[in-house]
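# Inside the fold
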Amino acid sequence: MAEKSSGMNYAPQGKPNPVVKPGQFVFAACALDHGHIYGMCNGLIEAGATLKYVYDPDPAKVQAFCRQYPGVRAASCEEEILCDPQVRLVAGAAVTSERCALGLRVMDAAKDYFTDKAPLTTLAQLEAAKAKVRETGRKYMVYYSERLHVESAVFAGQLVQQGAIGRVIQATGLGPHRIGPPAERPAWFFQKEKYGGILCDIGSHQIEQFLYYTGAGDAAVVRSQIANYNHPAYPELDDFGDALLVADNGASGYFRVDWFTPDGLRTWGDGRLFLLGTEGYIELRKYVDVGGPGQGDHVLLVNGEKETRFDVAGKVGFPFFGQLILDCLNRTENAMTQEHAFKAAELCVKAQMQAVKLA
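If you're wondering where the values come from, they're calculated on a predicted model, not measured in any experiment.

## A closer look at the environment of G92
Among the structural elements, G92 can be located in strand β4 (residues 87-93). Taking relative accessible area as the criterion, G92 reaches 0% and is therefore assigned buried. Taking the C-alpha atoms as reference, G92 lies 32 Å from G294; in sequence the two are 202 residues apart. For G92, the contacting residues outside a window of four places in its chain are C30, A31, I37, M40, L102, F114, T115 and D116.

## As for the environment of A351
Considering the arrangement of structural elements, one finds A351 in helix α11 (residues 338-353). Considered as a pair, A351 and L199 are 152 residues apart in the sequence and their alpha carbons are 6.4 Å apart. Among all residues touching A351, those that are not within four sequence positions of it are L199, I207, V221 and S224.

## A look at the nonpolar core
In this structure, I37, F65, F114 and I282 are the most contacted members of the largest nonpolar core, which totals 112 residues. Residue contributions to this core peak at eight residues, all from α11.

## Focus: a nonpolar patch on the surface
A cluster of nonpolar residues, Y229, F260, V356 and L358, forms a patch on the protein surface that exposes about 340 Å² of accessible area. Structurally, F260 can be placed in the loop between β10 (252-258) and β11 (272-277). Residue classification places F260 among the partly exposed positions, given a relative accessible area of 34%.

## Comments concerning the pattern of salt bridges
Taken as a whole and assessed by the stated rule, the structure comprises 22 salt bridges. The salt bridge involving R285 is made with E283; its shortest N-O contact spans 3.0 Å. For E346, the salt bridge identified is with K350, shortest N-O distance 2.7 Å. Taken together, the residues span about one helical turn, with E346 and K350 both in helix α11 at a distance of four residues. Taking relative accessible area as the criterion, E346 reaches 11% and is therefore assigned buried. Classification of K350 by relative accessible area gives partly exposed; the value is 33%.

## Description of helix α9 (residues 203-214)
With twelve residues, α9 extends 17 Å between its outermost C-alpha atoms, agreeing within 8% with the 16 Å of an ideal straight helix rising 1.5 Å per residue. In terms of residue burial, α9 counts as a mostly covered element, since eleven of its twelve residues are buried. Those residues of α9 lying buried are G203, S204, H205, Q206, I207, E208, Q209, F210, L211, Y213 and T214.

## Looking at the sheet that holds β10
One open sheet holds the nine strands; their spatial order is β14-β13-β12-β11-β7-β10-β9-β8-β15, and the pairing between them is mixed. The open sheet has two edge strands, β14 (307-311) and β15 (356-357), and neither has a second partner.

The rules behind each value
Residues numbered from 1 in each chain as written. Predicted model: local features only at pLDDT ≥ 70, side-chain atom pairs only at ≥ 80, totals over all residues. Heavy atoms only, no water. Helix = DSSP H or I, 4+ residues; strand = E, 2+ residues; numbered from the N terminus. Buried < 20%, exposed > 50% of the residue type's maximum accessible area, 1.4 Å probe, protein only. Contact = heavy atoms within 4.5 Å. Core = buried A, V, L, I, M, F, W, Y, C linked by side-chain atoms within 4.5 Å. Patch = residues over 30% accessible without salt bridge, like charges linked within 9 Å, V, L, I, M, F, W, Y side chains within 5 Å. Areas by Shrake-Rupley, 256 points an atom, 1.4 Å probe, with all protein chains shown as cover. Salt bridge = Lys/Arg side-chain N within 4 Å of Asp/Glu carboxyl O. Expected span 1.5 Å × (residues − 1). Pairing = 2+ DSSP bridges.

Written out as structure tokens, the structure is:
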């Protein structure tokens, strides 16, 4: 059986597809609290960006990062990065509750900001981020990796845009994760004020996907629920959450997230997405095809013409990162609009705030 993954250092790699020449777009990594920083950097580097600096107050994290990216320079402090005019963008994966504050400092330094999800944990932080974007004109982009850095999700978006299933009227997302040994998790992972709650944290992936695939500009959280079913030693941990949403265009959505991936699964979570359209439906088996010989990135399409299975691993790529680089250079919004990034953040915070506690 393949080695099982906890997902803590999930870092997808794709084929290089540079949109700029070496040195044309320089970025830095700052705050290494979550392993997603590696996926963020991989995507940017494959799109042609040049990684110049890394900074984190923990030398061990910096050393590990430098081993992964041998040409990077360890900055002596955050200010060294922010004061370098060559750096155009700062990528960060800070503790969730600290991501907004880092972003405000980055934008004040006239640089664009690329943060891990969830991009913030409170509505007050959201308003501060919006105000800073208006003030500075800089970007506050978000690594919603379960759509942006998954080839089956990219391909499904292309199918939807081509009209393969007509108008998307319902989206169902399943986002189970493996928690792994608690001792391997940082203390902040179990502190709700810092990680934001399960619907704010990993639920942000699901809400962003719902908005994207349905083409919605806004949505209402009809009902949301959280629970701690099986981790009494960590009372602030939500190990289960789900929510029902209705979009401004009438589309409905349901998602479930949890920390109950069993040890028998060969990857960190059996992520699924189901899109119902007026002329067909799509299923994504993102990370694993249970019982099958391969890994993930399977897309199942059924419409009025036929049923088709697409195995897209290694065939689609990750266009978001090149688009983001060009957006930063050209001040465009082709990778993701700022409004969309903030709307997903707003809804995940609201879902967490109004959640009914089941256990």
